[in-house]
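These are the residues of each chain, in order.
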Amino acid sequence: MPSSALQVARTGLEAQDTRMRVIANNLANVSTTAFKRDRANFETLAYQDTRVAGAQSSTETAYATGLNLGTGVAVQSTTRMETQGSLQTTGNAFDLALDGDGYFQIQMPGGQLGYTRAGNFSRTAEGQLVTSQGYPVQPGITVPEGATSITVSDDGTVSAQLAGQSEPTQLGQITIASFTNPVALQAASDNFMLETAGSGPAQIGIAGEQGRGHVRQGMLEASNVNVVEELVDMIETQRAYEINSKMISAVDEMLRNANQTL
Amino acid sequence: MDRLIYTAVSGMNASMNRERVIASNMANAQTVGFKAEILQATPTTLEGPQLEVRALSSSEVSAASMKAGGLNRTNLPLDIAMQGDAMLAVQAMDGQESYTRRGDLSITVTGVLQNGDGLPVIGQSGPITVPAGSKVSIGPDGGVLVSDPDTPDAAPQVLDKVKLVSTAGTKIAKDIAGQFRVPNGGILPVDENAQVIPGALEQSNVNPSEVLTEMIAAQRLFDMRTKLVKTAGDLDEAGSRLMRLD
């Protein structure tokens, strides 16, 4: 088909457009707590094998080369880059960061469990430890009224100094969920990840054990988006888009020329 | 009567095919491990008692350019870039062994090590499966290193070694899915000395400025061939006008 070069170039435009959208989302989330950047993965579309190399060209001979025409490109998937974001000290007792792998478990409305690395928690009027959306941390931690100097240890143990007591009281322990294949977690809004068939079920354990990260109190994990890297990717995408659109105008000109001349 | 017009049209077809191959290369300028297609036009001469002047152009994708693509450091433990002419053996959809330069590996939930195309990576004896929950990395020699998260201080164990093959001296061609195979079947020999660069990916070897130049050249050649068809038409027209009596 004479216009198929146009179609091939169009797949290039679409793929670059999708990649640009991924980059735009990364850049938009450059200040989002514990955001993990996505990478767009490209794949070649199927080849049309007009003639297979090695096919018989006569009873005694075979074609030495094939005629394989590619049909273009597509964005096949996005990979979440699970690298650690830098830890930033906030000094807030309820700000928790994970240094290493794993997720905090959050009870979302409707009973579903959500997983997040954004540990900017706060306390409700009833003393419950919740996310900024007000969703309770699992297992639930309740800080009694009048509790002072709340500390969260590396392994997630929460303790507080209660009025009239000389020793700190243990309030509970924040456990950490890990996954066989965390890349397959489904990203939802508000920093949450949801379990999928690809990620496998959550394995709940103590922070710092079995490869899980430590809990760091008074810190938040920053987004792992590197602005310079994204800008370079953005320019690369823009140029690739440009050359693909040049291809479309070139083929268009060819066809117009043929139409006018003949 | 002269059949110049058919020769010229075969050229137009070849130009359009060329443009399509260029478009496909261009579209894959960012596909990890992609190897650009090379189109080759060969004259098909009609031999016979008459003068051999008809050389119809027939074009074909003869091979892929095996030039190495640029390296992009990602620092991910499962990203590998192959050095030299080594290729990674993967299991194609039909179960046969095929070869690729695409080294963005990942692990499925069932523990199968696969590349970015979703094809299982072949080890010393078939596809590689890693134990659930372990930390996996690839060594420079292609060794699959597995460490148990329970004992983070212990040295990683070598589980298997990805099959790296040598392509030297063997003709390979892309199949319909874009993976490399030995035409007519056959497998490539293991290259014991092959090295990979962990934490890096090989970019597509399509050079955008080169491909833009090719595109313009193909476009102009098409235009010239269009003119040739027009000229052939005019000649025919002139010839038949001579024969008219009025």
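Residues numbered from 1 in each chain as written. Chains lettered and ligands numbered in written order. Predicted model: local features only at pLDDT ≥ 70, side-chain atom pairs only at ≥ 80, totals over all residues. Heavy atoms only, no water.

## Concerning the nonpolar core
Inclusion rule: Each nonpolar core is a collection of buried residues, namely Ala, Val, Leu, Ile, Met, Phe, Trp, Tyr and Cys, held together in the definition by side-chain atoms within 4.5 Å. Only protein chains enter the calculation, and the probe is 1.4 Å; a residue is then buried if its accessible area is under 20% of its type maximum, exposed if over 50%, and partly exposed in between. Helix and strand definitions follow DSSP, with helices as H or I runs of at least four residues and strands as E runs of at least two, each counted in order from the N terminus. Here, residues are in contact when the closest pair of their heavy atoms is within 4.5 Å.
In terms of nonpolar packing, the biggest core is built from 26 residues, with M247(A), I22(B), M26(B), V206(B), M215(B) and F222(B) touching the most fellow members. Looking at this core, the elements that each hand over two or more residues are α1 (4–28) and α2 (227–261) of chain A together with α1 (4–27) and α2 (208–243) of chain B. Setting aside residues up to four positions removed in sequence, M247(A) forms contacts with A9(A), E19(B), I22(B), A23(B), M26(B) and M215(B). If you look at the next biggest cluster of nonpolar residues, it comprises 25 residues, including I106(A), V143(A), I150(A) and L194(A).

## Observations concerning the sheet that holds strand β12 (residues 148–152) of chain A
Either a parallel or an antiparallel arrangement is found when strands of a sheet pair, and the pairing is made through backbone hydrogen bonds. Residues and elements named next belong to chain A. Selection criterion: When DSSP finds two or more bridges between two strands, those strands count as paired. For helices, the fitted line uses only the C-alpha atoms of the stretch in contact; every axis is such a line through C-alpha atoms, and the angle between N-to-C directions lies from 0 to 180 degrees.
Across the sheet, which stays open at both edges, the three strands sit in the order β12-β13-β14 with antiparallel pairing between neighbours. Lying at the two open borders of the sheet, with one neighbouring strand each, are β12 and β14 (169–173). Between one strand axis and the next, the sheet turns through 20° on average, direction left out of account. Sheet topology note: the strand β13 (residues 157–161)/β14 ladder contains four bridges and is antiparallel. Its bridge partner lying in β14, S159 is registered against Q170.

## Considering the packing of aromatic side chains
Residues and elements named next belong to chain A. What counts, and what does not: By convention, a stacked pair of Phe, Tyr or Trp rings (six-membered ring in the case of Trp) has centres within 6.5 Å and planes under 30 degrees apart, an edge-to-face pair has planes over 60 apart, and any other such pair is tilted.
Under the definition given, this model contains four aromatic pairs over all chains. Ring plane angle 70° and centroid distance 5.9 Å describe the contact between Y103 and F179, whose orientation is recorded as edge-to-face. Of the two residues, Y103 sits in strand β7 (residues 103–107) while F179 sits in the loop between β15 (176–178) and β16 (186–187), which places them 76 residues apart along the sequence. Residue Y103 is classed as buried on the basis of its relative accessible area of 4%. A relative accessible area of 8% means that F179 is categorised as buried. Here the aromatic rings of Y115 and F179 are separated by 4.9 Å at their centres, their planes lie at 85°, and the arrangement is edge-to-face. Taken together, the positions of Y115 in strand β8 (residues 113–116) and F179 in the loop between β15 and β16 put the pair 64 residues apart, joining distant regions of the chain. Comparing Y115 with F179, the two get one shared label, buried. Three or more aromatic residues joined by ring pairs form one cluster here, namely Y103, Y115 and F179.

## Looking at a nonpolar patch on the surface
Residue and element names in this part refer to chain A. Short version of the rule: A patch consists of residues exposed above 30% relative accessible area that lack any salt bridge, with like charges linked at up to 9 Å and nonpolar side chains (Val, Leu, Ile, Met, Phe, Trp, Tyr) linked at up to 5 Å. Per-residue and other accessible areas follow the Shrake-Rupley method at a 1.4 Å probe size, with only the shown protein chains counted as cover for residues. Any Lys or Arg side-chain nitrogen found within 4 Å of a carboxyl oxygen on Asp or Glu counts as a salt bridge.
Together, V30, V227 and L231 make up an exposed nonpolar region whose accessible area comes to about 190 Å². Along the polypeptide, L231 turns up in helix α2. The exposure class of L231 is partly exposed, given its relative accessible area of 38%.

## A word on the interface of chain A and chain B
Heads up, the condition is: Buried surface area refers to the total accessible area, computed with a probe of radius 1.4 Å, that the two partners give up upon joining, counted for both partners together. Side-chain classes follow a simple rule in which Ala, Val, Leu, Ile, Met, Phe, Trp, Tyr, Cys and Pro form the nonpolar group, Asp, Glu, Lys and Arg form the charged group, and the remainder, Gly included, forms the polar group.
Taken together, the 59 residues of chain A in the interface contact 56 residues of chain B. Taking both partners together, chain A and chain B bury about 4,500 Å²; carbon and sulfur atoms supply 59% of that area. Inspection of the chain A/chain B interface yields three salt bridges. The partner of R220(B) in a salt bridge is E253(A), with the nearest N and O atoms 3.9 Å apart. Within the residue set of the side of chain A that touches chain B, elements represented by two or more residues are α1, β1 (38–44), β2 (47–51), β3 (67–70), β4 (73–80) and α2 of chain A. With 15 residues, the top contributor of residues to the side of chain A that touches chain B is α2(A). For the side of chain A that touches chain B, the class distribution of residues is 23 nonpolar, 27 polar and nine charged.

## Points about the environment of L71(B)
Within the secondary structure, L71(B) sits in strand β3 (residues 71–73). Sequence-wise, L71(B) and S24(B) are 47 residues apart; in three dimensions their C-alpha atoms are separated by 21 Å.

## Thoughts on the confidence of the model for chain B
Rules: The predictor reports its confidence for every residue as pLDDT, a score running from 0 up to 100.
Here chain B shows a mean pLDDT of 85. Residues at 70 or above account for 89%. Two summary scores accompany this predicted model of the complex, namely pTM at 0.79 and ipTM at 0.72.

## Examining the environment of L235(B)
Residues and elements named next belong to chain B. Looking at where L235 falls in the secondary structure, it is placed in helix α2. Residue classification places L235 among the exposed residues on the basis of a relative accessible area of 53%. Between the C-alpha atoms of L235 and I187, which are 48 residues apart in sequence, the distance is 55 Å.

## Side note on the side chain of N244(A)
Put simply, the test is: We call two N or O atoms a polar contact when they sit within 3.5 Å, provided that within protein one can donate a hydrogen and the other can accept it, with sequence-adjacent residues counted only if both atoms are side-chain atoms.
Mapped onto the fold, N244(A) is located in helix α2. A polar side-chain atom of N244(A) sits 2.8 Å from the main-chain carbonyl oxygen of A240(A). Apart from residues lying up to four places away in sequence, N244(A) is in contact with A9(A), G12(A), L13(A), Q16(A), A23(B), M26(B) and A27(B).

## So, the sheet that holds strand β11 (residues 135–138) of chain B
Residues and elements named next belong to chain B. What the three strands build is an open sheet, ordered β11-β12-β13; its pairing is antiparallel. Looking along the sheet, the strands with just one partner apiece sit at the ends: β11 and β13 (157–161). Looking at each pair of strands side by side, their axes are set apart by 30° on average, direction ignored. Here β11 runs beside strand β12 (residues 143–147); their pairing, made up of four bridges, is antiparallel. Of the residues in β12, the one forming a bridge with I138 is V144.

## Details of the environment of P201(A)
Residues and elements named next belong to chain A. Mapped onto the elements, P201 comes out in the loop between β17 (193–194) and β18 (203–205). Put simply, P201 and G70 are 131 residues apart on the chain and 39 Å apart in space, counted from C-alpha to C-alpha. When neighbours within four sequence positions are excluded, P201 is seen to be in contact with S178, F179 and E195.

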